[in-house]
Amino acid sequence: MDNNAGDSINGDQSTSEGNKILNFPSTGPVVSAIRAKALARNQLEKATVIQSRMPNIKVFSGTSHPDLAQRIVDRLGIDLGRVVTKKFSNLETCVEIGESVRGEDVYIVQSGSGEINDNLMELLIMINACKIASALRVTAVIPCFPYARQDKKDKTGGETQKSRAPISAKLVANMLSVAGADHIITMDLHASQIQGFFDIPVDNLYAEPAVLKWIKENIPEWRNSIIVSPDAGGAKRVTSIADRLNVEFALIHKERKKANEVSSMVLVGDVKDRVAILVDDMADTCGTICHAAEKLMDAGATKVYAILTHGIFSGPAISRINNACFEAVVVTNTIPQDGHMRDCPKIQMIDVSMMFAEAVRRTHNGESVSYLFSNVPY
């Protein structure tokens, strides 16, 4: 349809300008018509590509957190992929992918919680099963990264003990890469350098936007609050939140005798007559945040909230929270929290499934995920 128009343009070009310069004034309407048709054709092709992208995605769930995986696919408007996970009598894990993944963009949701070693092995087997079944790309969605606290040689004791401490987070990174993972999506890594342990892309999402939203909606006195880090390592996290809320921050310096046991705490900052909001990335036995809450109340805080990304709550954690002076302990659902919420009425949950769903959608469509670092998708 454009051939005649093209010939007339070439004719004008050769007679008037010797095949060098197009005579735009005389051929303007023709060029505009061609350009309009080309733009329309490009838009149609783009629409076709976008429509064909989502069907090429498969999301599978491990056994660690099926509820989060279901929330993610509900948000994406697709169904969970069929997968059967079982154990032999000797407790070996067996995984059977129940549908074709050839040429598909595969996402496997498995959190580092519960029986961590079994769940990690299950994730590795699922990645490998999809990879050798000719999946185009396999992305591991790991809301809570396992072994993230073993990120450096830093143990109590003599120098000889430090020299023999493992860096297990690096080992896990190697295992995921060798299994065949092409991409990792996780949230609030305990140590940001873990991203550097991988030779594949790692998207480390932040719970901060969801935390800010919860604070503004659920703490009426948030303008008279102070954001507190229970240790020096979280200072960067609390200063970022305090800046966005335009409030002050404080931190608690702690010294440990050994893992999961705090020996002393020193509060740096003024919390008198203010609502103290403790913010941390992870709480395991909850000894630290419960001691911190007592310290803050002794220093004159009117109320104490705790907001945690990963609520592991192992050992005596639940009884400690029940006996502590918290108004609420808020956690995200990177780890299943239904049982913890039944046992402890102070625990409240922030749903972050929409952030993972949007990260999956943007990754699948080749879009930037940096928007999620400072915004909650609605």
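Residues numbered from 1 in each chain as written. Predicted model: local features only at pLDDT ≥ 70, side-chain atom pairs only at ≥ 80, totals over all residues. Heavy atoms only, no water.

Digging into the overall build of the protein
And then number 1: Along the backbone of the protein there are twelve helices and 14 strands.
And then number 2: Put simply, of all contacts in the protein between residues at least 6 apart along the chain, 61% involve residues at least 24 apart.
And then number 3: A total of about 18,700 Å² of accessible surface is found on the protein, and carbon and sulfur atoms cover 51% of it. (Helix = DSSP H or I, 4+ residues; strand = E, 2+ residues; numbered from the N terminus. Contact = heavy atoms within 4.5 Å. Areas by Shrake-Rupley, 256 points an atom, 1.4 Å probe, with all protein chains shown as cover.)

Let's talk about the side chain of Ser168
And then number 1: You can see Ser168 is positioned in helix 6 (residues 168-179).
And then number 2: Setting aside anything within four residues of it in sequence, one finds Ser168 in contact with Tyr147 and Gln150.

Observations concerning the packing of helix 3 (residues 66-76) against helix 12 (residues 353-364)
And then number 1: Viewed as axis vectors pointing N to C, helix 3 and helix 12 meet at an angle of 55°, and their least axial separation amounts to 8 Å. One element, helix 3, and the other, helix 12, form an angle in the oblique class. In terms of crossing hand, the pair formed by helix 3 and helix 12 is right-handed. Contacts between helix 3 and helix 12 involve Leu68, Arg71, Ile72, Arg75 and Leu76 on the former and, on the latter, Ser353, Met354, Phe356, Ala357, Val360 and Arg361.
And then number 2: For the contact of helix 3 with helix 12, the per-class residue count stands at seven nonpolar, one polar and three charged. (Axes fitted to C-alpha atoms, helices over the stretch in contact; angles between N-to-C directions. Parallel < 35°, antiparallel > 145°, perpendicular 65-115°, else oblique. Left-handed = near helix turned anticlockwise from the far one by under 90°. Nonpolar A, V, L, I, M, F, W, Y, C, P; charged D, E, K, R; others polar.)

Let's talk about the sheet that holds strand 7 (residues 202-205)
And then number 1: Spatial strand order, 1-4-5-6-7: five strands in an open sheet with parallel pairing. The two strands at the open ends of the sheet, each matched to only one other strand, are strand 1 (57-61) and strand 7. Each strand axis lies, on average, 15° off the axis of its neighbour in the sheet, ignoring direction.
And then number 2: In this sheet, strand 4 (residues 105-109) lies alongside strand 1 in parallel orientation, the contact comprising five bridges. Paired with Ser61 across the strands is Val109, a residue of strand 4. (Pairing = 2+ DSSP bridges.)

Observations regarding unusual backbone geometry
For residues besides glycine, phi is generally negative; the peptide bonds are generally trans as well.
And then number 1: At Asp188, a position not held by glycine, the phi torsion is positive, near 45°.
And then number 2: Tracing the chain through its elements places Asp188 in the loop between strand 6 (183-187) and strand 7.
And then number 3: Residue class for Asp188 comes out buried when judged on its relative accessible area of 9%.
And then number 4: Positive phi values are uncommon outside glycine, yet Asn246 reaches one of about 60°. (Buried < 20%, exposed > 50% of the residue type's maximum accessible area, 1.4 Å probe, protein only.)

Description of the packing of aromatic side chains
And then number 1: Evaluation of the coordinates by the stated rule reveals three aromatic pairs.
And then number 2: With a centroid separation of 5.9 Å and 80° between ring planes, the pair formed by Phe145 and Phe198 is classed as edge-to-face. Taken together, the residues Phe145 in the loop between strand 5 (137-142) and helix 5 (159-163) and Phe198 in the loop between strand 6 and strand 7 connect sequence positions 53 residues apart. No difference in accessibility class separates Phe145 from Phe198, as the two residues are buried. (Phe/Tyr/Trp six-rings, centres within 6.5 Å; stacked < 30°, edge-to-face > 60°.)

Quick look at the nonpolar core
And then number 1: Formed by 46 residues in total, the largest nonpolar core has its most connected members in Ile215 and Ile227.
And then number 2: The element contributing the most residues to this core is helix 12, with six residues.
And then number 3: In this structure, Ile227 is in contact with Val238, Ile241, Ala242, Leu245, Val247, Glu248, Phe249, Ala250, Ile277 and Val279, ignoring residues within four places of it in sequence.
And then number 4: Val95, Ile108, Ala135 and Val172 belong to the second largest nonpolar core, which has 31 residues in total. (Core = buried A, V, L, I, M, F, W, Y, C linked by side-chain atoms within 4.5 Å.)

Let's talk about the pattern of salt bridges
And then number 1: Counted according to the given criterion, the structure contains 20 salt bridges.
And then number 2: Residue Asp105 is joined to Arg137 by a salt bridge in which the shortest nitrogen-to-oxygen separation is 2.7 Å. Of this pair, Asp105 sits in strand 4 while Arg137 sits in strand 5, and the two are 32 residues apart along the sequence.
And then number 3: When its relative accessible area of 6% is taken as the criterion, Asp105 is described as buried. (Salt bridge = Lys/Arg side-chain N within 4 Å of Asp/Glu carboxyl O.)

Structural notes on helix 8 (residues 235-245)
And then number 1: Buried within helix 8 are the following residues: Ala235, Val238, Ile241, Ala242 and Leu245. Here the buried residues of helix 8 occupy an arc of 135° about the axis, which is enough to place them on one side. Exposed positions of helix 8 whose direction lies more than 90 degrees from the buried face are Lys236 and Asp243.
And then number 2: Residue Asn246 follows helix 8 closely and has a positive phi angle near 60°. (Arc of directions from axis to C-beta.)

Some points on the pairing of strand 6
And then number 1: Strand 6 sits mainly inside the fold: five of its five residues count as buried.
And then number 2: Alternating positions in strand 6 separate into two faces, His183, Ile185 and Met187 on one and Ile184 and Thr186 on the other, with burial throughout.
And then number 3: For strand 5 and strand 6, the ladder comprises four bridges, and the chain directions are parallel. By the bridge assignment for strand 6, Thr139 is matched with His183.

Some points on the pairing of strand 13 (residues 328-332)
And then number 1: With five of five residues buried, strand 13 lies mostly within the body of the structure.
And then number 2: The side-chain alternation of strand 13 yields two buried faces, one formed by Ala328, Val330 and Thr332 and the other by Val329 and Val331.
And then number 3: Relative to strand 13, strand 12 (residues 303-311) runs parallel, the two being bridged by four bridges. Counted as the bridge partner of Ile307 is Val330 from strand 13.

Section: the confidence of the model for the protein
And then number 1: Averaged over every residue, the pLDDT of the protein is 86; residues scoring 70 or more account for 81%.
And then number 2: Across residues 1-27, where pLDDT falls below 50, the model places 21 contacts with residues more than four positions away in sequence or in other chains.
And then number 3: Confidence over residues 48-53 falls short of pLDDT 50; this stretch has two contacts with residues more than four positions distant or in other chains. (pLDDT = per-residue confidence, 0-100.)

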